[in-house]
Amino acid sequence: MTQIRFNRRAILGAFVGAAAATGLAIAPAQAEDLKVGFVYVGPIGDHGWTYRHDIGRLAVEEAFGDRVSTTYVESVPEGADAERVITQLANSGHGLIFTTSFGYMNPTIKVAKRFPNVKFEHATGYKQAPNVSTYSGRFYEGRFVQGVIAGMMTKTNVAGYVASFPIPEVVRGINAFTLGMKSVNPDASLKVVWVSTWYDPGKEGDAAKALIDQGADIITQHTDSPAPLQTAENRGVMGFGQASDMIQFAPKSQMTANIDDWNPYYVARTKAVLDGTWESGDTWHGLAEGMLAMAPFTNLPADVQKKAEETLAALTSGEMHAFDGPITNQAGEVVAKAGERLDDGVLLGMNYYVEGVEGSLPK
Amino acid sequence: MDALMLLLLTVITAATPLLLAATGELVTEKAGVLNLGVEGMMIVGAVTAFAVAVTTGSSGLGIIAGAAAGVLMSGIFSFLTLSLLANQVATGLALTIFGIGLSSMIGKGFVGLAVTPLSQLDIPGLSAIPFLGPILFGQDVLVYLSFVMLFAVSYVLRKTRIGLILRAVGDSHDAAHAIGYSVLKVRYLAVLFGGAMSGLAGAYLSLAYTPLWAENMTAGRGWIALALVVFATWRPARLLLGAYLFGGITILQLHGQSFGWSIPSQIMSMLPYLATIAVLVVISGDRAKIRLNAPACLGKVFHQTK
């Protein structure tokens, strides 16, 4: 794998070099008030996570016209390379930089120290600074709804989850899905396969196949390509889209999808910088604020659809929370009693499975 | 038994793209040319195959277009390195960078489209054999092709005059030139063959493995194929072993996780790399034999006028 990494870095270096050269060349001709930079973990054509962030970038361009120009760098590995790319963006006159993956957290904080006048926005992290805000979506709300649907739809009582890396964000999604599923079907359980990548369509699809071969008849995922859902479609089982509506890949199998909507946030934050009102903060929005939406419910019997709509409405209004007690962890210990609700601090650091998830959480 | 069969079927799909690309690269390297652009040729093959299959509605045309795209990409490489005598390592790396960029550009209009997966081609009679039938004789055309090409390459290299000339060119281009063989012609053909095979591997990814187009969807498989050629010490049989070992353990570890083996998933993810390297290094431990199989002129520039 070292060889691959090395070569990808070389490739990336070349891209960044080229991007920087173009940036310098055209800079004098521009008269915009603000340059906004975006750092993406995958390609914009992944049709998932990065794709939705890029739609947010286009919304910023649309909203401010000539006043704002945007730059993006895609497929940036998490780690040392990210630091170089972020530095490059800050150096080339970008006043606001969005870094859109969890693994960019430390590089973002480091670069932010050296550029106190540049504003940084880091997605899904938990470290802030005077010029670094964090933002994320409460995607677990959508996963709870998916869990409810899965619990009612499964015939084998086994659902399969293609997961990327064991970070709190992903673990939270797994737990919310499981709690949703158990709320309607106490006999159901969840199998999890970790693929150790955000993006590798072939491997994601293979993981879905492994899960289906071992009895899962509902597939969901926390990776970025449509491959697991498409595998579900080809194998004749049901599934959910991730980050964007993926119905065209699974017209018979997609029951709904989490749709990330970054547009309002990106536009608001860009406006704040232009107006001089930008302040560091931590934003965690969900269904209620519209940072998360659900794709239309499809391929569902009427009673399941009704239950899904009710759950969605209750979560949106705040009448219900995905992590309402009673909640028991895998070891059988009660982590929230009936009537209690896990607070955001616990959710942000979530490092255990709830009851109903099979296997043990990789540490 | 049913579960084992499903597992083996998945292993075949994981190993096929590696085997196709590695077989092509083996021939290229045997002729003395090191083409590091496998990943780039593969991804361009993938996007072209997908684009043509979506536009025409025919997977067959898609496969042909994928191979043709691989040939074109390797044509650029061979012109630069063989005719203009550019450095092979640098040109190969550039070809990969170019291929990834080019494929994103071609693929822009095809993101989010779906295509009918490549249909399986049951071989009459044989595919009805219980257990082995569906595994060996119920595959799609590219899987059969991956085997046919591997055996053909193995046979041609060992048993035929063409194979002898190819190996002579790879082992000592000056000697081959002195006897009167056209080193350039042989190398051009070998590189183009490698390109076609990489293109087919790409077509397999976007038409059969995961029938969709997504940027960077090769995800490093071209590099794995390259590494397999070296670890298999340029021997076709070991290439087959390596590709299936790598594919097999990749799938096995996913199944293991889903089954609930209590091994950390990070270690499971390392397993395919560790096991493939370990096995191939152990069976290829004999240095004299490696020297026998390794093309002596690999990566060296050939000056025809010398």
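Refer to the preceding data block for the structure.
Residues numbered from 1 in each chain as written. Chains lettered and ligands numbered in written order. Predicted model: local features only at pLDDT ≥ 70, side-chain atom pairs only at ≥ 80, totals over all residues.

Caption draft 1: Structural context of the overall build of chain A. Regarding its fold elements, chain A presents 11 helices and 14 strands. For 363 residues, the compact-globule estimate of 2.2 N^0.38 gives 21 Å, and the C-alpha radius of gyration of chain A, at 21 Å, lies within 12% of that figure. Dimensions of chain A, computed from the C-alpha atoms along their principal axes, are close to 65 × 45 × 35 Å. (Helix = DSSP H or I, 4+ residues; strand = E, 2+ residues; numbered from the N terminus. Rg over C-alpha atoms; globule rule 2.2 N^0.38 Å.)

Caption draft 2: Spotlight on the sheet that holds strand β2 (residues 68-73) of chain A. Residue and element names in this part refer to chain A. With respect to topology, six strands assemble into an open sheet ordered β2-β1-β3-β4-β5-β11, the strand pairing being parallel. The open sheet has two free edges, formed respectively by β2 and β11 (282-285), since each of these has just one partner strand. Ignoring which end each strand starts from, the neighbouring axes of this sheet average 15° apart. For strand β5 (residues 132-137) and β11, the ladder comprises four bridges, and the chain directions are parallel. (Pairing = 2+ DSSP bridges. Axes fitted to C-alpha atoms, helices over the stretch in contact; angles between N-to-C directions.)

Caption draft 3: Quick look at the packing of helix α6 (residues 141-159) of chain B against helix α9 (residues 183-209) of chain B. All names here are of chain B. In the contact formed by α6 and α9, the axes pass within 11 Å of each other and the chain directions differ by 155°. Overall, the two elements α6 and α9 adopt an arrangement that is roughly antiparallel. Judged by the sense of rotation from one axis to the other, the crossing of α6 with α9 is left-handed. Of the residues in α9, those in contact with Leu-142, Leu-145 and Met-149 of α6 are Met-197, Leu-200, Ala-203, Tyr-204 and Ala-208. Per-class residue counts for the contact of α6 with α9 are eight nonpolar, no polar and no charged. (Parallel < 35°, antiparallel > 145°, perpendicular 65-115°, else oblique. Left-handed = near helix turned anticlockwise from the far one by under 90°. Contact = placed C-beta atoms within 7 Å. Nonpolar A, V, L, I, M, F, W, Y, C, P; charged D, E, K, R; others polar.)

Caption draft 4: Inspection of the interface of chain B and chain A at higher detail. Listed as interface residues are 43 residues of chain B and, on the opposing side, 40 residues of chain A. Looking at the side of chain B that touches chain A, the elements that each hand over two or more residues are α1 (2-30), α4 (88-107), α9, α10 (221-231), α11 (236-259) and α12 (265-283) of chain B. With seven residues, α11(B) is the single largest residue contributor to the side of chain B that touches chain A. Residue composition of the side of chain B that touches chain A, by class: 25 nonpolar, 17 polar and one charged.

Caption draft 5: Layout of unusual backbone geometry. Residues and elements named next belong to chain A. At the junction of Gly-325 and Pro-326, the peptide bond is cis and its omega measures out at 0° in the coordinates. Here Pro-326 shows up in the loop between α10 (302-317) and β13 (327-328). In the Ramachandran plot, Thr-124 falls in the positive-phi region, its phi being about 70° despite a non-glycine side chain. You can see Thr-124 is positioned in the loop between β4 (119-123) and β5. Given 21 C-beta atoms within 10 Å, Thr-124 falls into the buried group. Within the chain, Ala-243 stands out as a residue other than glycine whose phi angle is a positive 70°. (Buried ≥ 20, exposed ≤ 12 C-beta atoms within 10 Å, placed from the backbone.)

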